[in-house]
Amino acid sequence: CLWKGLWRIWAIIPVAVGIVLTLLHTHPDVLIDAEGELFALRSSDGQLAFSSLRKARYSRQMWLNRSGQHEAVAIEDINDPAINCDAMGCLYTKNNMEIAIIQHPLALHEDCPHIDMLINLTYQSPPCYNKVRTIDLWALRRDGTHSISVNETLNIERSQRFTGRRSCRFSG
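Treat the numbers as computed from the prediction; the structure is a model and nothing was measured. (Residues numbered from 1 in each chain as written. Predicted model: local features only at pLDDT ≥ 70, side-chain atom pairs only at ≥ 80, totals over all residues. Heavy atoms only, no water.)

Draft legend 1. Expanded view of the overall build of the protein. Along the protein, the regular secondary structure elements total five helices and eleven strands. Residues counted as buried form 40% of the 172 residues belonging to the protein. Considering only contacts within the protein whose residues lie at least 6 apart along the sequence, 34% involve residues at least 24 apart. Total accessible area computed for the protein in this model is approximately 11,500 Å², and 54% of it derives from carbon and sulfur atoms. (Helix = DSSP H or I, 4+ residues; strand = E, 2+ residues; numbered from the N terminus. Buried < 20%, exposed > 50% of the residue type's maximum accessible area, 1.4 Å probe, protein only. Contact = heavy atoms within 4.5 Å. Areas by Shrake-Rupley, 256 points an atom, 1.4 Å probe, with all protein chains shown as cover.)

Draft legend 2. Inspection of the nonpolar core at higher detail. Ranked by internal contacts, the top residues of the largest apolar core, which has 24 residues, are Val 30, Leu 41, Ile 99, Ile 101, Ile 119 and Ile 148. Of all the secondary structure elements, the ones that give two or more residues to this core are strand S1 (30–32), strand S2 (39–42), strand S6 (89–94), strand S7 (97–102), strand S8 (117–120), helix H4 (137–143), strand S10 (146–150) and strand S11 (154–158). The contact partners of Ile 119, leaving out residues within four places of it in the chain, are Val 30, Ile 32, Ile 99, Ala 100, Ile 101, Ile 102, Ile 135 and Ile 148. (Core = buried A, V, L, I, M, F, W, Y, C linked by side-chain atoms within 4.5 Å.)

Draft legend 3. Main features of the sheet that holds S6. Pairing is mixed across the open sheet formed by five strands, whose spatial order is S5-S6-S7-S8-S9. With one partner strand each, in any of the chains shown, strand S5 (83–86) and strand S9 (133–136) form the two edges of the open sheet. Averaged over all neighbouring strand pairs, the angle between strand axes comes to 10°, with direction disregarded. Here four bridges tie S7 to S8, and the two strands are oriented parallel to one another. (Pairing = 2+ DSSP bridges. Axes fitted to C-alpha atoms, helices over the stretch in contact; angles between N-to-C directions.)

Draft legend 4. Quick peek at the pattern of salt bridges. With the rule as written, the count across this model stands at four salt bridges. Glu 35 is the partner of Arg 141 in a salt bridge, and the nearest nitrogen-oxygen pair spans 3.5 Å. Remark: Glu 35 occurs in the loop between S1 and S2 and Arg 141 occurs in helix H4; sequence separation between them is 106 residues. Between Asp 143 and Arg 142 there is a salt bridge, with the nearest N and O atoms lying 3.3 Å from each other. Asp 143 gets classed as buried once you look at its relative accessible area, which sits at 12%. On the basis of relative accessible area, Arg 142 is assigned to the partly exposed category, the value being 44%. (Salt bridge = Lys/Arg side-chain N within 4 Å of Asp/Glu carboxyl O.)

Draft legend 5. Looking closely at helix H2 (residues 57–67). Burial in H2 covers these residues: Arg 60, Trp 63, Leu 64 and Ser 67. Buried residues in H2, looked at end-on, bunch into an arc of 100°, giving them a common side. When the buried face of H2 is taken as reference, the exposed residues oriented beyond 90 degrees from it are Tyr 58 and Arg 66. Considering only its buried residues, H2 is in contact with S1, S2 and strand S3 (48–50). Where H2 ends, the next residue or the one after it, Gly 68, has phi of about 75°, a positive value. (Arc of directions from axis to C-beta.)

What follows is the structure, encoded as structure tokens:
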């Protein structure tokens, strides 16, 4: 049999590497789907709070599964000082960094002066477009779902980076 002798000892190395990588993995703090219809913010207790419990159900379920969370929680049902939302958008604060998620054009002028990152889910250009890191609807549609981890810096991952672009093929 293959697993007799010294081969068993060598099997410990990949198992140990897998355990270490699992422990080092961090979940993103902000998720935005590719259409800009749904976003989720990670609360202080580690739960994802969702902007909608009706839109983008497939994305929401995938995010819940990857996060190990069983039930979706709406942003308005969560009481967390790091998440401040109203009808125009949300401000998310973690590690002294503020991310504004704008859902209404009027909020663009209100939030721009004091944020570190802007997620603009409207079709209007914000006044601080060149002053802060910005993700807009065009970037979402071009690059797919975005995830943001807030550590000492803002780390942004785009799903397009992992899936690659598919070419269009027409037959006829």
